[in-house]
Amino acid sequence: MNASRQFLFSLGLIVLSATAPGDLHAADAMPTLEIEAGQATARVSPMFHGLMTEEINFSYEGGIYGELIRNRSFKADAVNASIKSDAYDPTQYYPVEIAVSNTPKFWRAVGGAALMLDTNTPLNEALNVSLKLDASAASRESPAGIANGGYWGIPVKPKTTYQVSFFAKAAKGFTGPLTVSLESTDGKTTFADAQITGLGGEWKRFETKLTTKRVEPSKDNVFKITTTAPGMIWLQQVSLFPPTYHNRPNGNRRDIMELLAAMQPKFLRLPGGNYVEGNYFNQHFNWKETIGPVEQRPGHASCWGYWSTDGLGLLEYAEWCEDLKMEPVLAVFAGYALRGDHVEAGAKLEPYVQEALDEIEYLTGDAATTKWGARRAKDGHLAAFPLHYIEIGNEDFFDRSRSYDGRFAQFYDAIKAKYPQLQVIATTPVKSRVADLVDEHYYRNQQEMESQSQMYDTRGRTNHTKVFVGEWATRVGSPTPNMAGALGDAAWLCCMERNSDLVVMECFAPLFVNVSQLGGPGRSMQWESDLIGYDALTSYGSPSYYVEKMFDQNHGDVILPVKAQGIPTVEQTPPVGRRGGTPTPRRVPGLYYSATRDTAKGTIYLKLVNVADAPQPVSVTINGVDSVARTGEAVVLAADNPQETDSIQDPVKLVPAAMRINGLGARFTRTLPKFSVTIFKLQPRPRHSGASIVAAANVNQAEDAAIAPTPTMIAPAPIPAPAPAAVRPAPPVRIKAGASEPVKDSEGNLWLADQGFDGGETTERPDIQVANTKNPDIYRTEHYGMDSFSWPVPNGKYVVKLHFAETFEGINGPGERVFSFDVQGRQFKDFDVWAKAGGPMRAYVETVNVEATNNVIKVTFTPKVENPQINGIEIIPAT
Ligand code: AHR
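About the cut-offs
- Counting restarts for each chain: residues are numbered from 1 in the order of the written sequence.
- With the structure being a predicted model, the display of local features is reserved for residues of pLDDT at least 70 and the display and counting of side-chain atom pairs for 80 or more, all residues being used for whole-chain, interface and lining totals.
- Side-chain descriptors were evaluated using all non-hydrogen atoms of the structure, hydrogens and water having been removed beforehand.
- Relative accessibility decides the category of a residue: with a 1.4 Å probe and only protein chains considered, values under 20% of the type maximum give buried, values over 50% give exposed, and everything between is partly exposed.
- For the purposes of this entry, the term helix denotes a DSSP run of H or I that reaches at least four residues, the term strand denotes a run of E that reaches at least two, and both are numbered from the N terminus.
- Strand pairing follows a simple DSSP-based rule, namely that at least 2 bridges must link the two strands.
- Here, two cysteine sulfur atoms that lie within 2.5 Å of each other are counted as a disulfide.
- Here the nonpolar core consists of buried residues drawn from Ala, Val, Leu, Ile, Met, Phe, Trp, Tyr and Cys, with membership extended through side-chain atoms lying within 4.5 Å.
- Here a residue-residue contact requires only that any non-hydrogen atoms of the pair lie within 4.5 Å.
- Expected helix span is given by 1.5 Å per residue-to-residue step, counting one fewer step than there are residues.

A.B. asks: Is there a simple way to think about the pairing of strand β11 (residues 178-184) in this case?
C.D. replies: Counting buried residues in β11 gives 7 out of 7 residues, a clear majority hidden from the surface. Burial along β11 is two-sided: Leu178, Val180, Leu182 and Ser184 facing one way and Thr179, Ser181 and Glu183 facing the other are all buried. Where β11 lies against strand β12 (residues 190-196), 6 bridges are found, and the strand directions are antiparallel. In the strand pairing of β12, Ser181 is matched with Asp193. What sits between the antiparallel neighbours β11 and β12 is a turn of 5 residues, in which Gly187 has the positive phi angle 75 degrees.

A.B. asks: Would you mind showing me how to read the sheet that holds strand β20 (residues 389-392) here?
C.D. replies: In spatial order, the strands read β3-β16-β19-β20-β21-β22-β23-β24; together these 8 strands make up an open sheet with parallel pairing. Each of the sheet's edge strands pairs with one partner strand only, and the pair in question is β3 (51-52) and β24 (503-506). The pairing of β3 with strand β16 (residues 267-270) spans 2 bridges and is classified as parallel. Following the sheet pairing, Met52 is matched in β16 by Arg269.

A.B. asks: Sorry, what's going on with the state of the cysteines here?
C.D. replies: Defined simply, a disulfide is a covalent bond joining two cysteines at their sulfur atoms. Summed over all chains, the structure comprises 0 disulfides. The cysteine Cys303 is free of any disulfide, with Cys507 supplying the nearest cysteine sulfur at 17 Å.

A.B. asks: Any chance you could explain the nonpolar core here in plain terms?
C.D. replies: The nonpolar side chains of a soluble globular protein tend to be buried, and buried together. Counting 110 residues, the largest nonpolar core has Leu260, Trp320, Ile392, Phe411 and Tyr456 as its most contacted members. If one sorts the elements of this core by residue count, helix α10 (residues 483-498) sits on top with 10 residues. The residues touching Trp320, leaving out its near neighbours within four places in the chain, are Thr53, Tyr60, Ile64, Asn252, Met257, Leu260, Leu268, Leu312, Met326, Leu511 and Phe512. Counting 45 residues, the second largest nonpolar core, distinct from the first, contains Leu131, Leu133, Phe191 and Ala229.

A.B. asks: Help me out: how do you make sense of helix α6 (residues 350-364) in this one?
C.D. replies: Along its 15 residues, α6 runs 21 Å from first to last C-alpha, staying within 8% of the 21 Å computed at 1.5 Å per residue. A large share of α6 lies buried, amounting to 11 of its 15 residues. Along α6, the positions that sit buried rather than exposed are Tyr352, Val353, Glu355, Ala356, Leu357, Asp358, Glu359, Ile360, Glu361, Tyr362 and Leu363. Against α5 (314-323), β19 (327-332), α7 (371-378), β20 and α8 (404-418) lie the buried residues of α6.

A.B. asks: Which parts of the structure should I look at to understand α8?
C.D. replies: Note that an α-helix has 3.6 residues per turn; residues three or four places apart therefore point the same way. An ideal rise of 1.5 Å per residue puts 21 Å on 15 residues; α8 measures up with 21 Å between its terminal C-alpha atoms. Of the residues making up α8, those classed as buried are Tyr404, Arg407, Phe408, Ala409, Gln410, Phe411, Tyr412, Ala414, Ile415 and Lys416. Packing partners of the buried residues in α8 comprise β19, α6, β20 and β21 (423-426).

Now the structure itself:
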């Protein structure tokens, strides 16, 4: 054990001793933290933060996978056979039987149509059923066909192009055409439609595009295929895709990918979780059946109770990684299924070992010289993917037969022999081989998570095996965690980060939940407390998401020791357990911390978590530096109470606020808001820089200034300020709504690119002339259809200037665009840009004097006729 490690151990003891019952309470004394900036104890693992994924809670179907049609291949009515290991040959294909009915799940008849699942007219061996549409009653007056309501709705967005494709054939005599359309469920509005001709006696693929106009975003919609010509039609693989992330064909939903991209993850643990195992051997993630053209993928019954089309298959997982610049951590099926069936190590396991070797080759093999590398190239991806980690199975501690040690050894030997560079992960401790990593899972309540948050401080370092915390969550809050969950997460992340020489990778689980139907038969949620929630139209990050993101974005590359004294404790009552009873309150530390440093820039990142229901002053000393800049940055997530949360209705209720702060130094005190997670970015100054050494600074927190939020940090959380003091005015902020680049106006003022809006779309009209202004360019871009705009500011008085001009060719007179808006409680009802400006193409500026009392300026917009629009916003501190 080296000296620095010993020092770190002693920190654990200091904290532990501070947690004894009867110890300090939050307000009793000021805890002190001493950071040894010159004594890095270890490197922060470069792979530390990642994501975990599997098909659960409609993560892919009705989630990140772009497909909008539910049950596109008509196999949701499959009879799920359970084939056990002794009867199962993994190299064989086992077609499912279909429970033939005339009410295929998630489809309904339109007009006088009759539907039937038809196993006598399959598209191919994989899609061994089709939908037979009897449209013999169709007429011009009464079109007949089918409708699909998607995954709890079909999202319709303005000016958006959707890709339609399907396979179809028709009985002799059908003259067509078919009409495909996007319509409101009540049938009153058709958003877009197109005609398909050329159906004949053989299966043929058809495709078209549907483009919407300027419509309100909505999800209570259906996709229809109808005809006015009588006849008999068969359909299969009916698909509707919105624009996808990076415009990948068969790709992922943009909004969810953007939430993930903002986390800057380093890896994606895939494809599970339980999903890699399946309930029975024939339901495991059989990767070879998830590649190639989507219409040749049979799909399979997933262990979370619904059919998986496998449209998001192995290649799509890898491309997802490529798009987010992360690498796969590949979990392979290891001969154990969830219902307890297994094969022993030996000859019977060999086909599964080969399946894993082939899978590695598919991802990493050379396209010219390997069989599976060539197959990957044929499937559309010539280049090999980076891959360094292979996980053997999932949660094999559930395998009561104790076969895992032997199974692991067989996989380990085969993988290391062919791919010695790969790190092999065990899912439970093994004795047969020295695993490179062991995957530990922790699902805990807040009090449990905080209680175990010194766990790795005292874990021995002599073992070669590192730790991968491949699933963990503070499970408080549903469907997504609330602030209590986020606080438990932050405490646990501090523990993992300051031990990331040992815990080299971590990922929260589960990652996703479709929040459309939280209970009842066919519900969209199988597991509560998931990181990111969404419905058909929108998505949001939970407070836990923001904590993960804060940690991911703000850390150095070396771990600094922190000596903590006087850490207070707080009393927490665990939730009532499954058996009822009255839980006993327990005391846990009230404050958690971790410090890292960026060796290139020198920046020190100090993370502090105050779980108490009271502001917590903290004294910080940084040893080993000459001085620390008086000004730095902080990112803060704080709530009024631990139940506060983000939701699909209120997606940015709790988000981190970034702010510039003063009064820092080599010694400073700071008061942390109650229920908060704070990351300080402290900048040591180089020696002999001429800057004065700041010692024992007392922070005037009222001088803090909010800084421009990053695009995903769109609204601030309220930061309780200490006693009032002179507020240094914040600089004016100017935003050119709809602009992709910042610009300067005629007076040299900088206008930032479009940001701070919640919802809506942007548009540019570069060639128009706008009167009544010295700065027509401001009005050549606009943001429209937004719900609100928020901007973090220090509390105080402001002049807010809202810039409008009616420049849309679809508005031809007053009364054609009317909306209301509210600026910090000042209401502007039935606002009509045309009327206010005195015509089109004329600028109008509404000037509003307001006061910010919770560190934000917020403008909300309510449509009445057409969409609200705006061209620019200025926020100028009142003098
Ligand atoms: O994350 C949800 C489930 O929890 C995973 O599928 C499984 O590995 C664990 O038990």
